[in-house]
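Results of the structural survey
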Amino acid sequence: PADVGSSVCTPCPQYEEQDVALGYDLNSCVCKPTFVRDPTTNKCTCKPGFTLTGETCSPCEIGRFKDDYGVHSCSRCEDVLKGSVTKFEKSTEVGACACPKGTYDNMEKSCVDVFEGVDRTTSGMTLETLKIEPGYWRTNLRSPDIRECLVAMACAGGNTTNYCREGHKGPYCEICTDSYAKDAFLLCQSCDTTATSVALSILLTVTVGAIIVGGFIYLTKKKEFYKRVKNGGKIIFAALQITSSLPAAVPAMPLPKTFKDAVSAAQILNVDIFQLVSVGCFSASINFYHHLLMNTVPVLTICAVFVLAGRRNPSKKAKYFTWANAILYLTLPRIATTVFEVFSCDDLDDGSSLLRTDYTIDCNDDSRTFWVFYGIIMVLIFPFGVTANYFKLLHSKRKRIMQDLETREKDEELKDIVFLFEPYKPEFWYFEVVETVRRLLMTGVLSIIKPGTYSQLSYGLFLSIFFTVLLAALQPYNEVRDNRIAVLSSALLIAVFMMSSFKKYTQSLTDEDNTYDDPLMDALLMLTYIMVLIMFGVWAYYKKDDMSRSTNAMASDVLKGESNVQSNAGDESGSVELSTINSSQTVLGDGAGGTRTNKSEVTNPFNKGMDERRLKQLESYGPKEKVGKGGKRSKNKDNKAKSKETSETIAPQQNPSAKRKSSIIPPPPPSENE
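Every chain begins its residue count from 1, and numbering advances along the sequence as written. Totals for whole chains, interfaces and linings use every residue, but because this is a predicted model, local features are given only for residues with pLDDT of at least 70 and side-chain atom pairs only at 80 or more, for both listing and counting. Note: side-chain values were computed over all heavy atoms of the structure, leaving out hydrogens and water.

**Overview of empty space enclosed by the protein**
Our working definition: Definitions used for this entry: grid spacing 1 Å over protein atoms alone; cavity, a set of points where a 1.4 Å probe fits but cannot get out; pocket, an open set with protein on both sides within 12 Å along at least 5 of 7 lines; lining residue, one with an atom within 4 Å of a point. Grid points are joined across faces, edges and corners, and a volume is the space filled by probe spheres set on the points. Numbered from the N terminus, helices here are DSSP runs of H or I no shorter than four residues, and strands are runs of E no shorter than two. Classes in brief: Ala, Val, Leu, Ile, Met, Phe, Trp, Tyr, Cys and Pro nonpolar; Asp, Glu, Lys and Arg charged; the others, Gly included, polar.
Taken as a whole and assessed by the stated rule, the structure comprises five cavities of 30 Å³ or more. What the largest cavity holds in volume is close to 60 Å³. If you go around the largest cavity, the residues you meet are Ile-235, Ala-239, Glu-435, Arg-438, Leu-471, Tyr-477, Ala-486, Ser-489 and Ser-490. Elements represented by at least two residues in the lining of the largest cavity include exactly α3 (223–249), α12 (431–447) and α14 (480–507). Looking at which element gives the most residues to the lining of the largest cavity, the answer is α14, with three residues. When its residues are assigned to classes, the lining of the largest cavity shows five nonpolar, two polar and two charged. Roughly 50 Å³ of volume is contained in the second largest cavity.

Laid out in structure tokens, this is it:
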């Protein structure tokens, strides 16, 4: 173009070209394609989001931005926020630089990996806008400390200031809002304080208590059935009580959903009114310290009453002491867990220190000194005191306990502590102390370790393995089946802790596909526990015909009967044929060394395959002397001759031609053990 009146043509400015449709003067110059006119300088250049590439303006690539006019290069997001990128090309502002998925802006000009509990599918997150996953919580929007909620369903997650579901608030969403109270599953539910609701709550409490007390009374009256089930039932109860205590001791314990729901539903075994009734609905001021009093004072009072009653009425001392021991046995794990929780505080990143089991209680409060002192007293009375008392009682009478089963069951001096030693073999007179220590370690002590950590899970796994090996090696119970059920129940705890540790590890992996929640393993855990209960039920049914427990007393009864028959035979050297002793009992020559049994025992599926070790053990219970002529005892120098004589005496059907030489003298009546 040329200026008006000028014969000299002037080239258009840089990045412009002439548009002849507009004429031939300087005003006919327009911006080239991809260029725009800068409104500030009125020059053609690249617009924001574009940079000069060769002779054209090209969009800024992903990871770069340009927020002004010009042909200069696009700025790198990496130089502004390390690790950040842009979502699209042509980015026109620094704000387009955002942290990619799986990272967040830590407010220190850097993108860092998100923590466990933060959504990995959202990009562009900053510390303040972190999207917290359900089941996690943090103290405030500026906190990088993401913590797993003790009750996952209480925490709704999100990226707001409130991470809790309706009815929950506070640290870990553990505190109930007004008009809400915790149910048996530790979730805050809306309170219904109508007369009907109050009546139902009271009725539930009374019913549960009546079932427990009434069931125990019923079993004690049904002596035969009670004898069949009490020891095995005690083992089953202890195993289920430990399992049901895990949600309280390890509230963040990762478990398959179905199994965890079943364990939570079994909380009734812990005999805790605070888990049966939502007491918070009736008084908002009730806290953990009141819970501590309600768990300890009534038990102390009741046990003291029974002990005093037993001393005032010596004839019923054994009965009262048994009741006191039964109450302590039922409540000890729960009380131990509660008293140990007094000392466990949680330090949060906002500077506060709160009681781990009740986040409404400040551990820095002056009144806490009294409760710590009370907790120490309760620890000395229950976990340590009860265990030490058990050992003292057993140790002082250990010689009497180590008598053969028949003798010790008739010993009046042992009636008041029979609850402590009856299930065990005489040589394991102390094992109730070991079992008590196991229950305390797996409940109370486990609860004071930081919840949900690998340290806590490893501790539980180690204890489970140790006691399973101990039970399998010692076989301390009188009943073979009690030993089997005890070992299996303990081994199930190993499976629980192993699965929990593995599940926690897989949840920490960045790859979501590696999250472990196998329904098959869930089903296997449930079925295994059900199998243990079925085994116990079948065992109880067949217990009356059971001969899997071969005791010294049982072998002695048969050998006494044999001796009486031989005494009546006098000088006769022939064998005596034994026919049916009564309509239901027969002495079988090939059954556990000649022990007496019922005919129906043959059909008992649990009696098959008695091993040689048990047979040899039973044979060792036999007398070292035999009855000779005239009823006099003489040393047996010929074991083979004795074996032959015993075989002919006990199993006459193998020698049908033997001539009857004396009348049948029935053996002594079976002892309670039989």
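Once you've had a look at it, read on.
**Here we look at the sheet that holds strand β18 (residues 353–355)**
Short version of the rule: Should DSSP find at least two bridges between two strands, the strands are regarded as paired. Whenever a helix is involved, its axis is fitted only over the stretch in contact; in every case the axis is a line through C-alpha atoms, and angles between N-to-C directions fall within 0 to 180 degrees.
Reading across from one edge, β17-β18-β19 is the order of the three strands in this open sheet, with antiparallel pairing throughout. Both outer strands of the open sheet, β17 (345–347) and β19 (358–362), are each paired with one neighbouring strand and no more. Sheet twist, expressed as the mean angle between neighbouring strand axes with direction ignored, is 45°. Pairing of β17 with β18, which is carried by three bridges, proceeds in the antiparallel orientation. For Asp-347, the partnering residue across the bridge sits in β18 and is Ser-353.

**A few points about α12**
The α-helix advances 3.6 residues per turn, and as a result positions three or four apart in sequence lie on the same side. As a reminder, the rule being used: Take the number of residues in a helix, subtract one, and multiply by 1.5 Å to get its expected span. Note that the bend at a residue is defined as the angle between axes fitted to the seven residues ending at it and the seven residues starting at it. Here's how the labels work: a residue is buried when its accessible area is under 20% of the maximum for its type, exposed when over 50%, partly exposed in between, all with a 1.4 Å probe on protein chains only.
Under the 1.5 Å per step criterion, the end-to-end length of α12 is 24 Å for 17 residues, consistent within 8% with the ideal 24 Å. Within α12, the axis deviates most sharply at Leu-441, by approximately 40°. Within α12, 13 of the 17 residues are buried, which leaves it mostly tucked inside the rest of the structure.

**Quick word on the pairing of strand β6 (residues 56–59)**
Where strand β5 (residues 50–53) and β6 come together, four bridges link them in antiparallel fashion. By the bridge assignment for β6, Thr-53 is matched with Thr-56.

**Quick look at the pattern of salt bridges**
Note the threshold: One side-chain nitrogen of Lys or Arg within 4 Å of one carboxyl oxygen of Asp or Glu is enough to make a salt bridge.
Enumeration according to the criterion identifies 12 salt bridges in this entry. When the shortest N-O distance is used, the salt bridge between Lys-234 and Glu-432 registers 3.0 Å. Within this pair, whereas Lys-234 is found in helix α3, its partner Glu-432 is found in helix α12, the two being separated by 198 residues in sequence.

**Considering the nonpolar core**
Definition in use: Definition used in this section: a nonpolar core is a set of buried Ala, Val, Leu, Ile, Met, Phe, Trp, Tyr and Cys residues joined via side-chain atoms within 4.5 Å.
Within the largest apolar cluster, 38 residues are counted, with the highest numbers of intra-cluster contacts made by Val-299, Leu-328, Phe-382, Leu-394 and Ile-401. Among the elements of the structure, α3, α6 (288–312), α7 (317–340), α8 (368–396), α11 (418–421) and α12 are those that each provide at least two residues to this core. The biggest single contributor to this core is α7, with nine residues.

Functional significance is not addressed by these values, which are geometric in nature.
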